[in-house]
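Observations on the model geometry
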Amino acid sequence: MPKKRSGGGLSATQQAAKFLGVSVLAGAVMAGIALPAAGALGLAAKGSVKGFDEIPANLKSPQLSQRTTILDSQGNQIATVYSRDRTVVDLKDISPYMQKSIVAIEDSRFYKHGAIDLKGVLRALNKNAQSGGVAEGASTLTQQLVKNYFIEEAGDDPTKVAQATQQTLGRKVRELKYAIQIEEKLGKKKILENYLNITFFGEQAYGVEAASQRYFSKHAKDLNLQEAALLAGIVQSPSRYDPVNDEAEATKRRNTVLQRMAEVGDISQGEADKAMAAPLGLHVSQPKNGCITATRGAAFFCKYVEHVFLNDPTFGKTSEDRAKVWNKGGLTIRTTLDPQAQDSVQASLKDHVNKSDTVAAASTLVEPGTGKVLAMGQSKPFGYGKNETEYNFSVDRAWGGSNYGFPTGSTFKPFVAAAAIEGGKPATQEYSAPYKMPYPSPVQRCSSGPYRNTEHEEVENENESEKGPYRMKEAMAKSINTYFVQLISDIGLCPVVKMTDAMHVVQGDGSKLPETPSIALGAIGLSPLTMAEAYATFASRGMYCTPIAITSITQKVGDEEESLPVPRSTCSRAMSEKTADTVNTLLRGVIDSGTGQEAGLNDRDNAGKTGTTDSRKNAWFVGYTPNMSGAVWVGSARQDVQMTNITIGGLFHPLVYGADVPGPIWKDAMTGALSGKSAPDFNLVDIPDDDHGDDHGRGDDNGGNDGRNRGRTGGLIGGLFGGSANGGADGGVFGGANGNTGGGTPGNPGGGTAPAPTFSVPGNFIQGQANGGRNGASNGGGNGGQRR
């Protein structure tokens, strides 16, 4: 390394640099820009020395932007994303033909000159003066490398890119000074390696490895003579010499490179002629950039990971800092995605909902106790064409989801029950729960004065047969609207809001829930991920864990791999274990004998809740086992489709309920996701059954035995009139469609599916309802065939 003279003088290298700055720099600059007048040289030289001295002494080689690879939890690749498609490789992994061809055509004296090729400068200056323009440049590979450094640092900022490429004296001065520094610091081989890794080769390919894969579907180390010459020729003008779009022009340019290689002695003329006669031999690979190329249908999960990275302060203090790291790439991101669970979710969605249907479905699975997002999918694939969407229906707006989420219907009721139980209400709490009633008024709130029903709004149940009194267990199983409105009136809105805050239940736009009694019926828009994580709180016995999608990140810096910090799930107690166990017992009843029977899993403890909203624009099922929680939403993203007399997934539905479309999706997704995994049990509590005798059409032992068949495809209001000893002769009027004994006289075929009810259901929230009892006389006969 050259040393400074005593007294702080310049080293030999610095003296040479300054000499060049005074005597040659202006000429070099003029050779590179369109200033042909000889008189300009003196002015340029006069002003060059001061500018040259004021340029910062050190130029740091930028970290080149590269591909980022996103992996699932098992290390399988989900997708690659990048702002620039580049894979950095060592010089030893680049074909010798490629090395020779780029030097021959771009800087044939590369190994003979320093940072500045004085002979080339004088030649170019002479030609440019004669032509009155820029007939020939004189930039060495080292100077071109410096220019590419400036462009790389500019990133995707158009203003900075323009500044990095503008044809000005100042930029040329900086470029030349840094070229001298790099020449001394790196040496020829490293300069050539860096140049081949940074240069743009067209067709979205940055660096020779990406270009080799793009045009020939092979590694750069395997390029033959004519392939290397083609790539070297592209560099001067990637658009003009693009072989994909103009094979003839690209061939001419390739042959120019081959002839130049022969002229400088890299190959013989015979080798050049033979290579010129060969076809281009393209084997083009389409670039696989972005989440749209994700495997396993995980495009929406991939975009969720991207949004997490760009929003989480763990990855940078400001959004600009985080975007810079993301765009630089070179990251390997390991995620929480479970391939078995993801495959199961996608298969279930495909089986039950077609992408061309007028409605869509979204499903998310998470792990209780850890917050890990295990699977995320939807029926309309990621994309920008027909029956595709870029919106992730599973998440909030901040993470690429819809603006407000989707109203949840009765799936919100367990939050009200949890708040009441946590506050001391027993699970046997009873209310009159009439068929129809005004919203209670006043109702206490946290943040302001009490809610008052000044508009005299009313709430009603699904049909007129649903009249109280009801206790909590039966009201939850049958999803009795008026019961939960009375419950929220009794305890006030503040406990409910505090409970949902503890479970991180926020609207799709990120705002807190409003304090109105209608929240008990699912009036507010939430996302499937929010619901899945909230229900996971019940599964983990009261512990809420924030969702996480990333478990580790490494970043390639030079030849090293560095680990980056990642956000961790934060778990906190949202309710007591006793409260959670009680809710689990209540929601287990929904699957055993309530609205969710069609969704129930057969081989393990599970619980859940159905939900259907105003005009049947949304249908939900949210359920869980002790080791997995999942939410399924079905509806229209624009909330403009009423799911009545509708075909979904090839099946006709007179009326869509949470149990008959979302429920089976959840069941199939969970069944596959949990296959081969442990089957722990809930910690259930004893909740005495109701003792109203034959109230609500429950019937005696025979009615209960008939109800035990559950009439899975039975009539909508099968047991409205009955529950008699033989299973309800009157119930047969609207009985089980498949001849189950829950409707009609035992042994006789049922009366088929019932027509839609003719009564009006005002208000905003139509919920999924209960079906026939499962456990004999105690719950027997309910309503005959199942109502979903």
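The present account deals with the structure reproduced in this document. The numbers attached to residues start from 1 for each chain and follow its sequence in the written order. Reporting of local features is limited, given that this is a predicted model, to residues whose pLDDT is at least 70; pairs of side-chain atoms are given and counted only at 80 or more, and all residues count toward the totals for whole chains, interfaces and linings. Where side-chain values are given, they derive from all heavy atoms of the structure, hydrogens and water being excluded.

Some details on the environment of Leu225
Basically, it comes down to this: In this description a helix means any DSSP run of H or I spanning at least four residues, a strand means any run of E spanning at least two, and both kinds are numbered starting from the N terminus. Burial classification: accessible surface area is computed with a 1.4 Å probe over protein chains only, and a residue below 20% of its type maximum counts as buried, one above 50% as exposed, and the rest as partly exposed. Should any heavy atoms of two residues lie within 4.5 Å, those residues are counted as being in contact.
In this structure, Leu225 sits in helix α11 (residues 225–234). Taking relative accessible area as the criterion, Leu225 reaches 9% and is therefore assigned buried. Residues Leu225 and Ala272, spaced 47 residues apart in sequence, show a C-alpha to C-alpha distance of 8.8 Å. Once residues lying within four places of it in the same chain are set aside, the contact partners of Leu225 are Tyr97, Leu258, Met261, Ile267, Glu271 and Ala275.

Re the state of the cysteines
The following threshold applies: Here, two cysteine sulfur atoms that lie within 2.5 Å of each other are counted as a disulfide.
A complete count under the given rule lists three disulfides for this structure. In this model Cys291 forms its disulfide with Cys302; the gap between the sulfur atoms is 2.0 Å. Torsion about the S-S bond of the Cys291 and Cys302 cystine: about -70°, corresponding to left-handed handedness. Residue Cys291 is found in the loop between α13 (269–277) and α14 (299–311), and its partner Cys302 is found in helix α14; the two are separated by eleven residues along the sequence. Each member of the pair, Cys291 as well as Cys302, carries the same accessibility label: buried.

Points about a negative patch on the surface
Worth spelling out the cut-off: Like charges within 9 Å and nonpolar side chains (Val, Leu, Ile, Met, Phe, Trp, Tyr) within 5 Å are joined into patches, using only residues over 30% in relative accessible area that form no salt bridge. Here the open area of atoms and residues is found with the Shrake-Rupley method and a 1.4 Å probe, where only the protein chains shown may cover a residue. One side-chain nitrogen of Lys or Arg within 4 Å of one carboxyl oxygen of Asp or Glu is enough to make a salt bridge. Lys and Arg are tallied as positive, Asp and Glu as negative. Neither His nor the chain termini are counted. Lys charges are placed at NZ, Arg charges at CZ, Asp charges at CG and Glu charges at CD.
Residues Asp559, Glu560, Glu561 and Glu562 make up a contiguous surface patch of negative charge. The topology assignment puts Asp559 in the loop between β13 (550–557) and β14 (560–564). Overall, the relative accessible area of 63% leaves Asp559 in the exposed class.

Structural notes on the side chain of Thr335
Worth spelling out the cut-off: For this analysis, a polar contact is any N or O atom pair within 3.5 Å, provided that within protein one partner can donate a hydrogen and the other can accept it, and provided that sequence-adjacent residues contribute only side-chain to side-chain pairs.
With respect to the secondary-structure elements, Thr335 resides in strand β3 (residues 331–335). Thr335 sits in the buried class, given a relative accessible area of 0%. Of the polar contacts made by the side chain of Thr335, one reaches the backbone oxygen of Leu71; its length is 2.7 Å. What Thr335 contacts, discounting residues up to four positions off in sequence, is Ile70, Leu71, Asp72, Ser73, Ile78, Phe301, Val305, Ala549, Ile550 and Thr551.

Thoughts on the packing of α14 against helix α15 (residues 319–328)
The condition that has to hold: To obtain an axis, a line is fitted to C-alpha atoms, over the contacting stretch when the element is a helix, and the angle between two such axes runs from 0 to 180 degrees between their N-to-C directions. By the definition adopted for this analysis, an angle is roughly parallel if under 35 degrees, roughly antiparallel if over 145, roughly perpendicular if from 65 to 115, and oblique otherwise. Any residue outside Ala, Val, Leu, Ile, Met, Phe, Trp, Tyr, Cys, Pro, Asp, Glu, Lys and Arg is labelled polar, Gly included; the first ten of those are nonpolar and the last four are charged.
At a closest axis distance of 8 Å, the pairing of α14 and α15 adopts a crossing angle of 135°. Judged by the angle between their axes, α14 and α15 are oblique. Across the interface between the two elements, Glu306, Phe309, Leu310 and Asn311 from α14 touch Arg322, Ala323, Val325 and Trp326 from α15. Here the contact of α14 with α15 is built from residues that sort into five nonpolar, one polar and two charged.

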